[in-house]
Amino acid sequence: MKEAHARIPILVDCDTGIDDSLALLYAVASPECELVAVTCTAGNVDALQVAENTRAVLELAGRCDVEVAIGRETPLARALVTTPETHGPRGIGYAELPPATMPLSARYSPDLIVEEARRRPGELTLVTLAPLTNVALAVLREPELPRLLRRLVIMGGSYRSAGNTAPTTEWNVNVDPESAKIVFEAFGPTGKGGPAAGDRSIAPTRPTALGLDVTERARMLPEHLAALAARAGCAPDGSVAGGPSAGGSAVNPIVRYLADALRFYMEFHSRYDGFYGAFIHDPLALAAALDPTLVRTEAVSVDVELGGRLTTGETVTDWRRVWGHPPNVDVAVEADSGRFMDRFIERVGDLAAGRS
Ligand code: RIB
Ligand code: CA
């Protein structure tokens, strides 16, 4: 009898977005993941479109039971900048999905995060795949949040690599640097929720941050999509041999979605990054939250630049410890991208097979 392992309760904050949608599919496809709720933040596209995309993808995956909430629709202290050139005008590339039918939660995202953390103290892992607007508002509402959460895993920042938005800045932090600074401080040792805030029963752990240093090693290539499609029993474009004449559906809906969304994303990377493939930042972060052995981290002190003429949004990282500050972030410095890709193909391929 296979021992039943306890599932890992996960809250996801996303700005769905193509790679966000792959992370949602991976979460649904992972038996050890208890997807508690999903909160939506403006980023790749506006917050309402994020909420539409998030629900439509969860319905595609057969999970219309998951609570999806929307939060603040603009960054904390600056105008929203979206990236239609990267994810498409609606955020899912060339893909077309049926309009979402599941309702949007009546809860405001920051309130949902705080209420769920209070309801299950020390149990929840919050995985952020977007600008940190909602998380900043949540920790401003509840300074104890770092102790109430079991873990915080952030896809964001670039800790010793080039940026993808400005020369030294990564998108999620660049969209809302003020929120990122609030989060990195609040979850650090000097924050209200940190150890220095006094002895409490639940010692907070430092956030784990996966920046471009490791997420740009998670490269989805056409052959990966082909392998996933084969596992799902269809062609890379989602078409099913025989189609209606053989009594089957002509298309596998999840593979067709992936093919159309990733085609747009791979064309973008071909133009801007010199390869026909896609950095799948968000699924790697989600996978590392479920299996920390996928990454190796180093504890360092990180602060966010807010006043730089050229560097606002940079995650300034004190690798040589010249500041003398205690570490406030566990930064991922290595990732087992091969094991991750194999797992992604296997799990999402099996999910697609089951939804054919
Ligand atoms: O820089 C990569 C991050 O920005 C990913 O989360 C991607 O979805 C975009 O939001
Ligand atoms: Ca994202």
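Residues numbered from 1 in each chain as written. Chains lettered and ligands numbered in written order. Predicted model: local features only at pLDDT ≥ 70, side-chain atom pairs only at ≥ 80, totals over all residues. Heavy atoms only, no water.

## Considering the sheet that holds strand 5 (residues 151-155)
Ordered by their spatial adjacency, 8 strands build an open sheet running 3-2-1-4-5-6-12-9, and the pairing between neighbours is mixed. Two strands in the sheet have a free side with no partner beyond their single neighbour: strand 3 (67-70) and strand 9 (295-300). Between one strand axis and the next, the sheet turns through 25° on average, direction left out of account. The sheet contact formed by strand 6 (residues 208-210) and strand 12 (residues 329-335) spans 2 bridges and is parallel. Counterpart to threonine 208 in the pairing with strand 12 is aspartate 330. (Pairing = 2+ DSSP bridges. Helix = DSSP H or I, 4+ residues; strand = E, 2+ residues; numbered from the N terminus. Axes fitted to C-alpha atoms, helices over the stretch in contact; angles between N-to-C directions.)

## Brief notes about the layout of surface pockets
For the largest pocket, the calculated volume is near 410 Å³. What lines the largest pocket is a set of 25 residues, among which Thr86, Asn164, Trp171, Phe268 and His281 lie closest to the centre. Tallying contributions element by element places helix 11 (residues 253-272) first for the lining of the largest pocket, with 4 residues. (1 Å grid on protein atoms, 1.4 Å probe; cavity = no way out; pocket = protein on both sides within 12 Å on 5 of 7 lines; lining within 4 Å. Points joined across faces, edges and corners; volume = space filled by probe spheres on them.)

## Describing the site of ligand 1
For ligand 1, the set of nearby residues contains 13 residues, the closest of which are Asp19, Asp20, Asn164, Glu170 and Asp282. Taking leucine 129, its main chain carries an N or O atom lying 3.0 Å from an oxygen atom of ligand 1. One of the side-chain N or O atoms of asparagine 164 is found 2.9 Å from an oxygen atom in ligand 1. The pocket occupied by ligand 1, as judged from atoms lying within 2 Å of grid points, is the largest pocket. Of all the elements in the fold, those that place two or more residues in the shell around ligand 1 are helix 1 (18-29), helix 7 (171-175) and helix 12 (281-290). The residue inventory of the shell around ligand 1, partitioned by class, reads 3 nonpolar, 5 polar and 5 charged. (Near = heavy atom within 4 Å. Polar contact = N/O pair within 3.5 Å; in protein donor to acceptor, adjacent residues only side chain to side chain. Sits in = over half its atoms within 2 Å of the grid points. Nonpolar A, V, L, I, M, F, W, Y, C, P; charged D, E, K, R; others polar.)

## Considerations on the coordination of the calcium ion (ligand 2)
Protein coordination of the calcium ion (ligand 2) is provided by Asp15 (OD), Asp20 (OD), Asp20 (OD), Leu129 (O) and Asp282 (OD), with donor distances spanning 2.2 to 2.6 Å. All donors to the calcium ion (ligand 2) come from one chain, and their sequence spacing reads D-x4-D-x108-L-x152-D. A residue pair is termed long-range when its members are at least 10 positions apart, and aspartate 20 in helix 1 and leucine 129 in the loop between strand 4 (125-128) and helix 5 (133-141) qualify at 109 residues. With respect to class, aspartate 20 is no different from leucine 129; both count as buried. (Donors = N, O, S within 2.8 Å, 3.2 Å for Na, K, Ca; no water. Buried < 20%, exposed > 50% of the residue type's maximum accessible area, 1.4 Å probe, protein only.)

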